[in-house]
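Structural overview
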Amino acid sequence: MQIEETPLPGVLVLTPKRFGDARGFFSESWNRRVLADHGITLDFVQDNHSLSRAVNTVRGLHYQAPPHAQDKLVRCGRGRLFDVAVDIRRGSPTFGRWFGIELSAENGRQLLIPKGFLHGFVTREPDTEICYKCTDYYAPDCDGAVRWDDPDIGIDWGLTGDPILSDKDAAAPRLADFDSPFRWEE
């Protein structure tokens with residue numbers, strides 16, 4: 001497993017080894033022992049899988065607040081997407097900054113997003129599937145969002161047309177109007 005740091009401390013890019021032949025490939029997308037050897041000791045309790053039919057589908061920027069905050073390990077099962085994490089830990093030196101990376105079924109990369117970060121993505125191909133592991137169960141009363149196109153965050157989504165949004169995402173507040181439940185700890 002190749003593990004790369006990003007400009008946002010705690011956000012990591014994980015690229016599992018692939019073993020391929022004429023039939024395709026095999027890969028371990030998660031191995032508790034291997035990652036524990038690298039100091040990653042998360043206990044995932046829920047796997048999620050979603051399909052976005054159209055290119056330019058934007059989902060995010062989402063979070064789940066304490067006491068049910070979630071670390072997420074995100075990968076693309078089919079198609080291609082641009083995945084984004086935004087630091088929302090009050091007092092963090094990287095508060096409001098974002099990191100994005102292309103995840104695809106072909107490249108096999110995964111993005112590890114810790115608690116205290118917003119998460120969102122935009123699809124680059126039709127019928128794109130995203131799969132992600134979470135360290136806590138979904139709790140509707142802890143679910144929240146920040147506006148995907150907030151100019152104070154300034155994410156370059158690389159859209160090739162009009163975004164396709166849910167009503168929830170279209171109505172999300174800006175970061176300046178959001179009281180983050182997360183605090184940065186050194």
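Residues numbered from 1 in each chain as written. Predicted model: local features only at pLDDT ≥ 70, side-chain atom pairs only at ≥ 80, totals over all residues. Heavy atoms only, no water.

Digging into the overall build of the chain
Using the following cut-off: Every helix listed is a DSSP run of H or I at least four residues long, and every strand listed is a run of E at least two residues long, numbered separately from the N terminus. The atom set for the radius of gyration is the C-alpha atoms, and the globule formula is 2.2 Å times the number of residues raised to the power 0.38. Exposed residues in this analysis have more than 50% of their type's maximum accessible area, buried residues have under 20%, and partly exposed residues fall in between, with area computed by a 1.4 Å probe over protein chains only. The contact criterion used is simple: two residues touch if any of their non-hydrogen atoms lie within 4.5 Å. Only the protein chains shown count as cover for residues, with accessible areas throughout obtained via the Shrake-Rupley method and a probe of 1.4 Å. Under the counting rule used here, the positive set is Lys and Arg, the negative set is Asp and Glu, and His together with the chain ends is not counted. In this description, the location of a charge corresponds to atom NZ of lysine, CZ of arginine, CG of aspartate or CD of glutamate.
Counting its regular elements, the chain contains 2 helices and 13 strands. Computed over the C-alpha atoms, the radius of gyration of the chain is 16 Å, within 12% of the 16 Å expected from 2.2 N^0.38 for a compact globule of 186 residues. Across its three principal axes, the chain shows a C-alpha extent of roughly 50 × 40 × 30 Å. Looking at the chain as a whole, 47% of its 186 residues qualify as buried. Residue pairs in contact within the chain that sit at least 24 positions apart in sequence constitute 79% of those at least 6 positions apart. Only carbon and sulfur atoms are counted for the fraction: they give 47% of the accessible area of the chain, which is about 9,700 Å². Of the side chains in the chain, 22 bear a positive and 29 a negative charge, and the two mean positions are spaced by 4 Å.

Here's the deal with the packing of aromatic side chains
A ring pair, where both rings are aromatic, is described by two values, the distance of the centres and the angle of the planes. Basically, it comes down to this: Note on aromatic pairs: the rings of Phe, Tyr and Trp (six-membered ring only in Trp) are paired at centre separations within 6.5 Å, and the planes decide the class, stacked below 30 degrees, edge-to-face beyond 60, tilted for the rest. Our definition puts a charge over a ring when NZ of Lys or CZ of Arg is within 6 Å of the ring centre and also within 35 degrees of the ring normal.
Under the counting rule described, the total for this entry stands at 5 aromatic pairs. Look at Trp 30 and Phe 44: their rings are 4.8 Å apart centre to centre, the planes differ by 80°, and that puts the pair in the edge-to-face class. On the criterion of sequence distance, the pair formed by Trp 30 in the loop between β4 (24–27) and α1 (32–36) and Phe 44 in the loop between α1 and β5 (46–52) is long-range, its members being 14 residues apart. Ring geometry for Tyr 63 and Phe 182: centres 6.4 Å apart, planes at 85°, overall edge-to-face. Here Phe 182 lies in the segment after α2 (167–170) and Tyr 63 lies in strand β6 (residues 58–64), a separation of 119 residues in the sequence. For the pair Tyr 63 and Phe 182, one class covers both residues: buried. Ring pairs connect the aromatic residues Tyr 63, Phe 178 and Phe 182, which therefore count as one cluster. Across the ring face of Phe 25, the terminal group of Arg 18 is positioned such that the distance to the ring centre comes to 3.8 Å.

Notes on the pairing of strand β8 (residues 80–87)
Every other side chain in a regular strand lies on the same face of the sheet, so the side chains alternate between the two faces. Counted only if it meets this: When DSSP finds two or more bridges between a pair of strands, those strands are recorded as paired.
Where burial is concerned, most of β8 is hidden: 7 out of the 8 residues are buried. Pairing analysis gives 7 bridges linking β8 to strand β9 (residues 98–104), with the strands arranged antiparallel. Residue pairing across strands places Asp 83 opposite Ile 101, the latter belonging to β9. Of the pairings in the sheet, the one linking β8 to strand β11 (residues 117–123) comprises 7 bridges and is antiparallel in character.

A short note on the UniProt feature "active site" (unreviewed entry) in the chain
Using the following cut-off: UniProt positions are given in the numbering used here, feature names are shortened, and annotations may be inferred rather than shown by experiment. Polar contact is defined as a pair of N or O atoms within 3.5 Å, subject to the rule that within protein one atom must be able to donate a hydrogen and the other to accept it, and that residues adjacent in sequence are counted only when both atoms are side-chain atoms.
Here the UniProt-annotated "active site" (unreviewed entry) positions come out as His 62 and Tyr 132. Taking the farthest pair of C-alpha atoms as the criterion, the annotated set spanning 71 residues converges on one region, since that pair is 13.5 Å apart. Positionally, His 62 belongs in strand β6. Setting aside chain neighbours within four positions, we find His 62 in contact with Phe 117, Leu 118, His 119, Gly 144, Ala 145, Lys 168 and Asp 169. Reaching out from His 62, the side chain makes a polar contact with the backbone nitrogen of Gly 60 at a distance of 3.4 Å. Tracing the backbone shows Tyr 132 in strand β12 (residues 128–134). Tyr 132 has contacts with Gln 46, Asp 47, Asn 48, Lys 72, Leu 73 and Val 74, leaving out every residue within four places of it along the chain.

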